[in-house]
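# Examination of the molecular architecture
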Protein chains: 2
Amino acid sequence: MEELHLGLEGIYFNESKICLVDGVQGKLYYRGYSIEDLAEKSNFEEVCYLLLYGSLPRREELERFKEKMRKRRGLNEKTVELIFEGAGKEHAMSTLRTAFSSISAYENYDDDYERSISIISKISTIVAAIGRAMKKKEYVEPSSELDHAENFLYMLNGTYNKESAKVLDKMMILHAEHSSNASTFASLVSTSTLSDIYSSIVSAISTLKGPLHGGADEAALRMIYEIKSPENAEKYVEEALKDKKKIMGFGHRVYKTYDPRAKVIKSTLLGLLNSGDEEVKNLAAIALEVEKIMVNKLGKSHGIWPNVDFFSGPVYRSMDIPPELFTPIFAMSRSPGWCAHIIEYSANNKLIRPLEKYTGEIGLEYKSIDERG
Amino acid sequence: MEELHLGLEGIYFNESKICLVDGVQGKLYYRGYSIEDLAEKSNFEEVCYLLLYGSLPRREELERFKEKMRKRRGLNEKTVELIFEGAGKEHAMSTLRTAFSSISAYENYDDDYERSISIISKISTIVAAIGRAMKKKEYVEPSSELDHAENFLYMLNGTYNKESAKVLDKMMILHAEHSSNASTFASLVSTSTLSDIYSSIVSAISTLKGPLHGGADEAALRMIYEIKSPENAEKYVEEALKDKKKIMGFGHRVYKTYDPRAKVIKSTLLGLLNSGDEEVKNLAAIALEVEKIMVNKLGKSHGIWPNVDFFSGPVYRSMDIPPELFTPIFAMSRSPGWCAHIIEYSANNKLIRPLEKYTGEIGLEYKSIDERG
C-alpha cells in the first residue's frame, strides 16, 4: 500500500516534449533532434532557441534572438560587487547562487521567454566574473558583438580564439538539457508552487552544486591528475575497484550503455593528444586509457559506462578553465534546459508534493521541563 | 508501464521519523508529540531542539541550545547591505532568498546541527531587517538576551510586548514542520546531490515563495480585507463559489478534515474579537464568519476545510506585521523543519531523480539555416 520509491527511481512525474534520453539505446534528443547532429551542425544560441520555443529558428528569428542575448549580458554593479565579495571565500557555486539570486531585483521583463533570454545571458557573465575574481583579476565587461561562447572566453580570459570558442560551444550544447535530472526537477518543484523563474533557477543552481550531479566532472579530473600518467591507469583502476571506490565519471542513473555525449567529447579528446600543451596531452592520454580499461572491465558486464562528466575535465583544461569553474560552466550550459522546463511545466502546473512514510513514534506524553530534569 | 504520477500525489519517496500528518484524523505530531500539546506547553526554541535532535531537551541542554541561538543572530554587514539594497525593489521572499544565500560565505561550523542553529537564528534576523527596510527604518541589531520570538518583534518594531511574543511563538511552533511539503521536498532534492545545507535551504525558500505554498496566508488576508465586513461574507462566498473562484485558506493536499493547526489559531482569533484595535477586531470577525459559512457549505460534503493559512493573517496583523512579511515569517518558522529533514535525509542519502514521459517527436532531420530559409 505505502510502496516506497526511494529517490523516485523509475517514477514518472510529468509528460514533456523537450528531451528524450534513451538510456538503453544510448540516444539523446533535444526537441526531436539527435545530440550528434546538434553538436556537429548547430550552435549554442540556436540550441537555446530550439529548447525554449520548440523548433529551430529561421535566420531572422535567430538573429533577433542572438541580438537580445547580446544586449542582456550586462550585470548591475551590485551583482558584480557581490561576486568579488564572495569569490574565494566559498565554493564557486555558492557565489554563483548568491550572485544569480541578486539579479531579479533589477529585472523587468514581461514573460518567462524574455526572462529566460536574460537569465541565459547573465549567468555566463556571472560565471566569467567569478573566474576573474578567483584569479584576482578585474571584471571584464561583456562584449556586445561576440557570440555567446566567444564572449564567455573573452570575459574569462580577456582574450579568446575561435577554435577554443567552437569547442566550448559544442560542450555547452552537450550540457544544455537532460530531461528531469535533479537540478531541473528541483526547479520544477519550485515552479509548481507558482514561484517565479528566478527562484526556480536558484533552486536548480543549489541542486547542481552537489558532487553527485554537477560536481562529477571536477571530481573526475582530480582523479585523472591523481593517476599522473597513462601507465599508472591500470593499477589505479584495479585498486580502486578492489577497495570499492567509485570511479568518477562512470555509470549513470539513466544510461545503461555508452553516454552519447561522452562519445562526442571523446572525439574532441582524441584531438588533444596532439596538443602542444604537455599537461593537456597527458590528461587526455590518461583519460583515454582509463576509459579503455573501464569499458573492458565494467562496460558490457556491469552496464557501467563512461558518462558526459568523464572526458570534460581535460577539454576544459585545454581552454585554461580552472576546475573550480567546471560546475558553474555546467550551470550556464544547462540554463536553457532549466528555462525550457520551467516554461513547459508552468503551462500545465500541478503542485509537486510527494509523501514520506512515517516510521517514528506517536502520541508521546509531553512532560514539563521540571519533570524531565 | 509508464504510469504517470502528476505532482507525485500519493507517492512515498522516503521514510522519516520527524513528523506525522494524519490527514484523515486531522492530527499532527512532531517527533511523536501532538501539535496541540506543543503549541500550548512548549516554546519555539524547545521545538527546534526536538525537531533537530529527536527528543525534548533537559533543562541544561535547552539552556545551552538557547545560548547558541542567541549568539548566532548577528549578520555580516554585507548581508545587511544586500537587504536594504533589495527590499522594496521586489518581493520580500526574493530579498530573503538573496540575503540568506549570502550568509554561507561567512559561516564556518563543523556539522549540520551547528549550521542549523545558525540558520534558524540568522533567518529571523534577515526577515526582521527586510521588514525594517520596507518601512524605511534603520536596521536593529539583534538582542543577545531576549528569547527568539521576543527578539524578532524587537528587531522588527524596535520594541515588543510579552503577550504578542507569546502569540508569535505559538504561530512559529504551528509552522515549524509539516513533513514533505513542497519547500521541504525541494530542499531534499538539493540535499540528495550532496549539495550543502545552505544551498538546500535556499531551494526551500525559493519554493516556499509561491502562492500555492507560502503565499496562501497573505492571499487569504487580502480576501478578508476585500470582504470588508462580516455581513458581506455570505454573499462573497456564494459568488466566489458560483464563479468557481478558489477561496484562499481552504482545502489541503493532505488534510481531508479540519487542519489541527487552524483549530489552535482559531482559539487565538476568538480572543481578537475583544481587541482594542477596531481593524483587527473586524478582520477576526470576518474570518470567523467565512469559516462558519465554508464549513457548512463545503466541509463535510466536499472535504474542503480551513487550513493553517486561513486564520493567520488577522493574527499577524494584530502584531503590526505587514502582509508582505507573512511568507518570510513562514520561512523563518519552517526553517527548523527544513534543517531536521536535511540532516535526516543526509544520513541515508539517495539521489532524487524521477522521470518524465516523453511525448514529443523523435529523429527529426537537422536542416541548415539556409535550407530553413
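Read on for an overview of the structure. Please read these numbers as outputs of a predicted model, since none were measured by experiment.

## Details of the packing of helix α5 (residues 92-102) of chain B against helix α6 (residues 112-134) of chain B
Residue and element names in this part refer to chain B. Closest axis-to-axis distance for the α5/α6 pair is 10 Å, and the angle between their directions is 135 degrees. Regarding the angle of α5 to α6, the classification is oblique. As α5 packs across α6, the resulting crossing turns out to be right-handed. Contacts from Ala 92, Thr 95, Leu 96, Ala 99 and Phe 100 in α5 reach Ile 119, Ile 123, Ile 126, Val 127, Ile 130 and Met 134 in α6. Broken down by class, the residue content of the contact of α5 with α6 amounts to 10 nonpolar, one polar and no charged.

## Examining the interface of chain B and chain A
In this assembly, 99 residues from chain B lie in contact with 99 residues from chain A. For the chain B and chain A pair, buried surface summed over both sides reaches about 9,300 Å², with 58% attributable to carbon and sulfur atoms. Broken down residue by residue, the surface that chain B buries against chain A is led by B:Tyr12, B:Arg353 and B:Tyr366, which jointly contribute 10%. For A:Glu9, the salt bridge identified is with B:Lys350, shortest N-O distance 3.1 Å. Looking at side-chain class alone, the side of chain B that touches chain A contains 39 nonpolar, 32 polar and 28 charged residues.

## Some words on the sheet that holds strand β4 (residues 33-34) of chain A
All names here are of chain A. Spatially, β2-β3-β4 is the arrangement adopted by the three strands of the open sheet, whose pairing is antiparallel. What marks the edges here is a single partner per strand, and that holds for β2 (19-22) and β4. Two elements, β2 and strand β3 (residues 27-30), share four bridges in a ladder whose sense is antiparallel. Residue pairing across strands places Leu 20 opposite Tyr 29, the latter belonging to β3.

## As for the nonpolar core
Membership of the largest hydrophobic core comes to 244 residues, with the highest contact counts inside it found for A:Phe100 and B:Phe100. Apart from the residues within four sequence positions on either side, B:Phe100 is in contact with B:Ile119, B:Ile123, B:Ile126, B:Tyr198, B:Ile201, B:Val202 and B:Ile205.

## Let's talk about unusual backbone geometry
All names here are of chain B. The residue Lys 136 is not glycine, and still its phi comes out positive at about 60 degrees. Summarising the element assignment, Lys 136 is placed in the loop between α6 and α7 (148-157). Even without glycine at this site, Lys 228 takes up a positive phi of about 75 degrees. Looking at the element boundaries, Lys 228 is found in the loop between α11 (216-227) and α12 (233-242).

## As for the pattern of salt bridges
Residues and elements named next belong to chain A. One pass over the full model with this rule turns up 44 salt bridges over all chains. For the salt bridge of Glu 107 with Lys 122, the shortest nitrogen-to-oxygen distance reads 3.1 Å. Remark: Lys 122 occurs in helix α6 (residues 112-134) and Glu 107 occurs in the loop between α5 (92-102) and α6; sequence separation between them is 15 residues. Neither residue differs from the other here; Glu 107 and Lys 122 are each classed as buried. In the salt-bridge network here, residues are joined through shared partners; they are Lys 68, Arg 72 and Glu 114.

## Digging into the relation of the copies chain B and chain A
Laying chain B over chain A is done by rotating through 180 degrees and shifting 0.0 Å along the axis; what remains is an RMSD of 0.0 Å. Both copies of the chain, as the preceding transformation shows, are related through a two-fold rotation axis. The rotation axis passes nearest to the C-alpha of B:Ser203 in chain B, at a distance of 2.2 Å. Interface overlap between copies: 100% of the residues of chain B at the interface are likewise at the interface in chain A, consistent with a symmetric, same-surface contact.

Conventions used here
Residues numbered from 1 in each chain as written. Chains lettered and ligands numbered in written order. Predicted model: local features only at pLDDT ≥ 70, side-chain atom pairs only at ≥ 80, totals over all residues. Heavy atoms only, no water. Axes fitted to C-alpha atoms, helices over the stretch in contact; angles between N-to-C directions. Helix = DSSP H or I, 4+ residues; strand = E, 2+ residues; numbered from the N terminus. Parallel < 35°, antiparallel > 145°, perpendicular 65-115°, else oblique. Left-handed = near helix turned anticlockwise from the far one by under 90°. Contact = heavy atoms within 4.5 Å. Nonpolar A, V, L, I, M, F, W, Y, C, P; charged D, E, K, R; others polar. Buried area = accessible area lost by both parts, 1.4 Å probe. Salt bridge = Lys/Arg side-chain N within 4 Å of Asp/Glu carboxyl O. Pairing = 2+ DSSP bridges. Core = buried A, V, L, I, M, F, W, Y, C linked by side-chain atoms within 4.5 Å. Buried < 20%, exposed > 50% of the residue type's maximum accessible area, 1.4 Å probe, protein only. Least-squares fit on C-alpha atoms with pLDDT ≥ 70 in both.

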